[in-house]
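# Structure assessment
Here are the chains, one letter per residue:
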Amino acid sequence: MDSHIRNEPARARTDTQVLNSTPDTGAAPAVSESAVRRAGIGLMVGSLTWATAIYIHGTQGVGVGERIIDLTGLVFQLGIFCLLWVQMKTRAIGTSRGAAVALKLEAAVLGLAGVWSLLHGVLPDGVKDETWLAFLDICWPLSMLGMAAISVKLAFTARWRGVLRWWPLIAESWAVVTVPCYLLVGEQLARWVGGTHLVIGYAALGLLMALRPAATLFSRSA
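Now for a description of the structure that goes with this document. Small disclaimer: the values here were computed from a predicted structure and weren't measured.

### Section: the packing of helix H8 (residues 174–185) against helix H9 (residues 187–211)
It is at 8 Å that the axes of H8 and H9 come closest, and there the two elements cross at 170°. Classified by the angle between their axes, H8 and H9 sit roughly antiparallel to one another. Residues Trp174, Val177, Thr178, Cys181, Tyr182 and Val185 of H8 pack against Glu187, Leu189, Ala190, Val193, Gly194, His197, Leu198 and Tyr202 of H9. Classifying every residue of the contact of H8 with H9 by side-chain character gives ten nonpolar, three polar and one charged.

### Looking at the packing of aromatic side chains
According to the stated counting rule, one finds six aromatic pairs in the structure shown. Ring centres 4.9 Å apart and planes at 25° place the aromatic pair tryptophan 50 and phenylalanine 76 in the stacked group. Of the two residues, tryptophan 50 is situated in helix H2 (residues 33–57) and phenylalanine 76 in helix H3 (residues 64–89); the sequence distance between them amounts to 26 residues. On the accessibility criterion, tryptophan 50 (5% relative accessible area) is buried. Judged by centre distance (5.3 Å) and plane angle (20°), the rings of tryptophan 50 and tryptophan 140 are stacked. Highlighted residues: tryptophan 50 in helix H2 and tryptophan 140 in helix H6 (residues 134–157), separated in sequence by 90 residues. Residue tryptophan 50 shares its accessibility class with tryptophan 140, and that shared class is buried. Three or more aromatic residues joined by ring pairs form one cluster here, namely Trp50, Phe76, Trp140, Trp174 and Tyr202.

### Looking at unusual backbone geometry
Positive phi is not limited to glycine here, since arginine 91 has a value of about 50°. Looking at where arginine 91 falls in the secondary structure, it is placed in the loop between H3 and helix H4 (97–122). Among the residues examined, arginine 91 registers a relative accessible area of 30% and is labelled partly exposed. Not every positive phi belongs to a glycine, and alanine 158 is a case in point at roughly 65°.

Conventions used here
- All chains use their own residue numbering, which begins from 1 and follows the written sequence.
- Totals for whole chains, interfaces and linings use all residues, but because this is a predicted model, local features are given only for residues with pLDDT of at least 70 and pairs of side-chain atoms are given and counted only at 80 or more.
- To get the side-chain values, take all heavy atoms of the structure and skip hydrogens and water.
- The convention used is that axes are lines fitted to C-alpha atoms, helices contributing only their stretch in contact, and that angles between N-to-C directions extend from 0 to 180 degrees.
- Every helix listed is a DSSP run of H or I at least four residues long, and every strand listed is a run of E at least two residues long, numbered separately from the N terminus.
- Angle categories: roughly parallel below 35 degrees, roughly antiparallel above 145, roughly perpendicular from 65 to 115, and oblique for all the rest.
- In what follows, a contact means two residues having at least one pair of non-hydrogen atoms within 4.5 Å.
- When residue character is reported, Ala, Val, Leu, Ile, Met, Phe, Trp, Tyr, Cys and Pro are called nonpolar, Asp, Glu, Lys and Arg charged, and the others, Gly included, polar.
- Two aromatic rings from Phe, Tyr or Trp, using only the six-membered ring of Trp, form a pair when their centres are within 6.5 Å; if the ring planes differ by under 30 degrees the pair is stacked, by over 60 it is edge-to-face, and anything between is tilted.
- Three labels apply to residues, based on accessible area from a 1.4 Å probe with only protein chains included: buried if under 20% of the type maximum, exposed if over 50%, partly exposed otherwise in between.

Structure (structure tokens):
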């Protein structure tokens, strides 16, 4: 029987450190497929609502039609918030701090654009076109251009898979396509271009998210 007494401290165990460690694998924060599916439906409904109003009243509208365009545009913007939420949760454009800040900045600009849509849709005629609303009005096209930039980064980052990696390039080019069309050829053609682009782009993107939510969830094996 060994009666020697050791005075040296016991070595620290490393097996528990291995078991308890949670290395950063770049995986996205937890978000369920059902949540992505609901967000996709929200995007699709918002897009179809605004597209219908554009078909009927044009991209600008007159009188009551103008207010309908504004308020259905707000519904569309809420759908875009659904898309942004999924992009944030899945870290669709990367895991860096800069990517997170870019999505939050886009959400802020889109929020200001939504405030404009609401105010311009409900304020009296003598107030809704005041100069102080001009800043918020600028946020509308800026928010859409921001979404176009996000779609490019999303495609290169490749965290979304399959058709959902590329379809945002179509959907989020809405401003790039529709605004020049309005300036070059006028309202009559722009309404059909704008409405149809919403259906083919954003509404279809929402449908794809609803049908293939797993493609938005990052996997290293993909």
